[in-house]
Number of protein chains: 2
Amino acid sequence: MSKIQDVANLAGVSVATVSRVLNNSPKVSAKTRLNVINAVKELNYEPNLLGRNLRRSETKMILVLLQNISNPFYSKVIKGMEDYGHKNNYNVMFCNTDSNIEREKKYLDLLKNKLVDGVIFMAPEIDIYTMNTIGKNYPLIQCCEYLENSQISRVSIDNEKAAFEAVEYLIKNGHKKIGLINSKKPHQSSKDREKGYRRALYENNIQIDESLIRYESYGFKGGINAIKSFVDEKKVPDALFTVSDIIAIGAIKALKSFNFNVPDDISIIGFDNLSISSMYDPILSTVSQPRYELGNKAMELIIEIIKNKKNIIKNVVLNHQLLIRESTKKE
Amino acid sequence: MSKIQDVANLAGVSVATVSRVLNNSPKVSAKTRLNVINAVKELNYEPNLLGRNLRRSETKMILVLLQNISNPFYSKVIKGMEDYGHKNNYNVMFCNTDSNIEREKKYLDLLKNKLVDGVIFMAPEIDIYTMNTIGKNYPLIQCCEYLENSQISRVSIDNEKAAFEAVEYLIKNGHKKIGLINSKKPHQSSKDREKGYRRALYENNIQIDESLIRYESYGFKGGINAIKSFVDEKKVPDALFTVSDIIAIGAIKALKSFNFNVPDDISIIGFDNLSISSMYDPILSTVSQPRYELGNKAMELIIEIIKNKKNIIKNVVLNHQLLIRESTKKE
DNA sequence: TTGTAGGCGTTATCAT
DNA sequence: ATGATAACGCCTACAA
């Protein structure tokens, strides 16, 4: 494996000149540059970036911490991050925390150990104090999910408003007994979506019936369990808002098994517009987040912090969209 | 940000001793070790791994190249890789190639630039010659998908046999007009699955009817299109084998829209046992790959290569499983 | 058991 | 425009 000195020898120049050529410095004569380039080719030279990284004290690598990479929600967010990152010569590394705080902390060591230049959180597990402390010393951004009141910039949608609109749509279309299936885990987005649900009922003079609210695991089974418990209690809502598509799909599957028809008997609105939601039968009405843009923006913000070394706290809110499709009955 | 020298100063020892403590060298007196540890804590010292990596010329980082991280097939494979990697002090980095050869080559630079210690391919785009060449100089492994006859170790299932068994099951249960929906992209696994399909028909004395075979995009739409074309040609099979669950689900969705019942009118067997396949209605019969183990083994192999520096070509074949569920009619 | 010092491969400053 | 050389932070002979 050849190193910069070998190239220098072959080209008959100093390592400094080789380095200049490699880094596109303008102060190299055309002739020398050509010499060097030929030597590089002849030796099949590949710069050892460990040396460069140490010297420059940067890695051009961003770490993205998410709950689990296989969550379909992330796919477009990831794309948005990668695109912006690559355009700016950054590589992006995605790591699963599995909602495990120890694991998250382990990954944060990559930051402290200078192996990555910045971290984007998509589902922070650490407490707000730790997050703020790390954020004082290292570039940090929160994307989609976040700790409220933290001193760390974030980009997300307005979850409260989105939920409000979804539930209001159900109300405007004649539904009265509107249930909520929320996640057991009290993420900020879930809390906000529940707030929106409650406000929509409140502002439309519908008494909130706590027996129509369920807190379940965030997934297919959560939806199934919620429906089972509604059926058990012989009190099935005439419409449902769920904090995720995957919960909604579980709910639909369970409703079918109890011979309820969606949307004729029950309307359902999910959240996130996952690809599966348009494959399902019926195609799910849902709230769509601008996932690509969320990722893109998060990457923009972190690179900005890295470059500017200063940290102005920003709360970027992007627009969501209510998608009405087959799982909701129109009045 | 403190460095090793600061710790040494505070502890009243040399940097060598600090380094020894950090690396758990046994030749440090208990007292000195304690001193150092205290100094480390007091200064909140975090070693700069860029220095270490350069010095040791390793990063303890494995790069996994896959088509797209959001493909649900990968989720458990990824978990298997991470678990084995972490247990052996390796970090794992997953990157999307989007089936783009340029992008793949770009990521391979991380290997040449010494930023990762090895690469696992899950859907190689580069040609066999390039792969072999790189494999001569750097640790490489193929997982699930692979280039046949390459000089690079791999771990996968026996796709031909798995397909054979699936199709034979359909035959044994009374189906005669058995269609195949394959992927347009001629990946090795798809080719092998088609081989298995053909062999099953052949060995059971069923004439292969090429008009029952479709090559479509690898996804939901592929399944839909295939069914549309069968219906257009007024020649719908009485059973279908598809090379992926997601194609199978597209097919089911389309069949429903044409008022075919699965499995009463048509039996379908997919491939991969994606989580969505057990959420669907009907629950999909499919071939399950030991995805966690595939990932685990691939990681084991690459770490082995890295440690041993020698490269014995291995073809590891793990066992698949035919899962018969709701989308197939029993005779 | 501990310290000294050289070197990993690169970049960047300062001469020339 | 080019070269010599000192870092970057760490590890590890080798010496003591």
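Conventions adopted
- Residues numbered from 1 in each chain as written.
- Chains lettered and ligands numbered in written order.
- Predicted model: local features only at pLDDT ≥ 70, side-chain atom pairs only at ≥ 80, totals over all residues.
- Heavy atoms only, no water.
- Contact = heavy atoms within 4.5 Å.
- Buried area = accessible area lost by both parts, 1.4 Å probe.
- Salt bridge = Lys/Arg side-chain N within 4 Å of Asp/Glu carboxyl O.
- Polar contact = N/O pair within 3.5 Å; in protein donor to acceptor, adjacent residues only side chain to side chain.
- Helix = DSSP H or I, 4+ residues; strand = E, 2+ residues; numbered from the N terminus.
- Near = heavy atom within 4 Å.
- Nonpolar A, V, L, I, M, F, W, Y, C, P; charged D, E, K, R; others polar.
- Expected span 1.5 Å × (residues − 1).
- Buried < 20%, exposed > 50% of the residue type's maximum accessible area, 1.4 Å probe, protein only.
- Pairing = 2+ DSSP bridges.

Under an unreviewed UniProt entry, chain A has the name LacI family transcriptional regulator and belongs to Oceanotoga teriensis.

Caption draft 1: Quick look at the interface of chain B and chain A. Tallying the contact residues gives 46 residues for chain B and 45 residues for chain A. Between chain B and chain A, roughly 4100 Å² of surface is buried when both sides are summed, and carbon and sulfur atoms account for 60% of that area. In this assembly, chain B and chain A are joined by seven salt bridges. Notably, a salt bridge pairs Glu82 of chain B with Arg103 of chain A, separated by 3.3 Å at the nearest N-O pair. Here chain B is connected to chain A by 14 residue pairs in polar contact (both at pLDDT 80 or more). Contributing elements (two or more residues each) for the side of chain B that touches chain A: helix H4 (49-56), helix H5 (74-87), strand E2 (91-96), helix H6 (101-112) and helix H11 (245-257) of chain B.

Caption draft 2: Just the protein's contact with DNA strand C, in detail. Around DNA strand C, the structure places 25 residues, and the nearest of them are Tyr45, Arg52 and Arg55 of chain A together with Arg20 and Thr32 of chain B. Restricting the count to atoms of DNA strand C within 4 Å of the protein gives a sugar and phosphate share of 63%. One of the backbone N or O atoms of Ser29 of chain B is found 2.8 Å from a phosphate oxygen in DNA strand C. Mapped onto the surface near DNA strand C, the elements with two or more residues apiece are helix H2 (15-22) and helix H4 (49-56) of chain A together with helix H2 (15-22) and H4 of chain B. Top element by residues in the surface near DNA strand C is H4 of chain A. It accounts for four residues. Of the residues that constitute the surface near DNA strand C, the class distribution is eight nonpolar, nine polar and eight charged.

Caption draft 3: Broad picture of helix H9 (residues 188-203) of chain B. Residue and element names in this part refer to chain B. Taking 1.5 Å per residue, 16 residues should reach 22 Å; H9 reaches 22 Å between its end C-alpha atoms and fits that length. Inspection of H9 places Gln188, Ser189, Ser190, Asp192, Arg193, Glu194, Gly196, Tyr197, Ala200 and Leu201 among the buried residues, and these make up the whole buried set. Residues of H9 that are buried sit in contact with helix H8 (159-172), strand E6 (178-183), strand E7 (213-216) and strand E8 (239-242). Of the residues flanking the end of H9, it is Asn205, one or two places downstream, whose phi is positive at about 60°.

Caption draft 4: Quick look at the pairing of E6 of chain B. Residues and elements named next belong to chain B. Across the six residues that make up E6, a large majority, six, are buried. On E6, burial covers both faces: Ile178, Leu180 and Asn182 on one face and Gly179, Ile181 and Ser183 on the other are all buried. One ladder, built from four bridges, connects E6 with E8; its direction is parallel. Paired with Gly179 across the bridge in E8 is Leu240. Of the strand pairs in this sheet, E6 and E7 are connected by four bridges, and their pairing is parallel.

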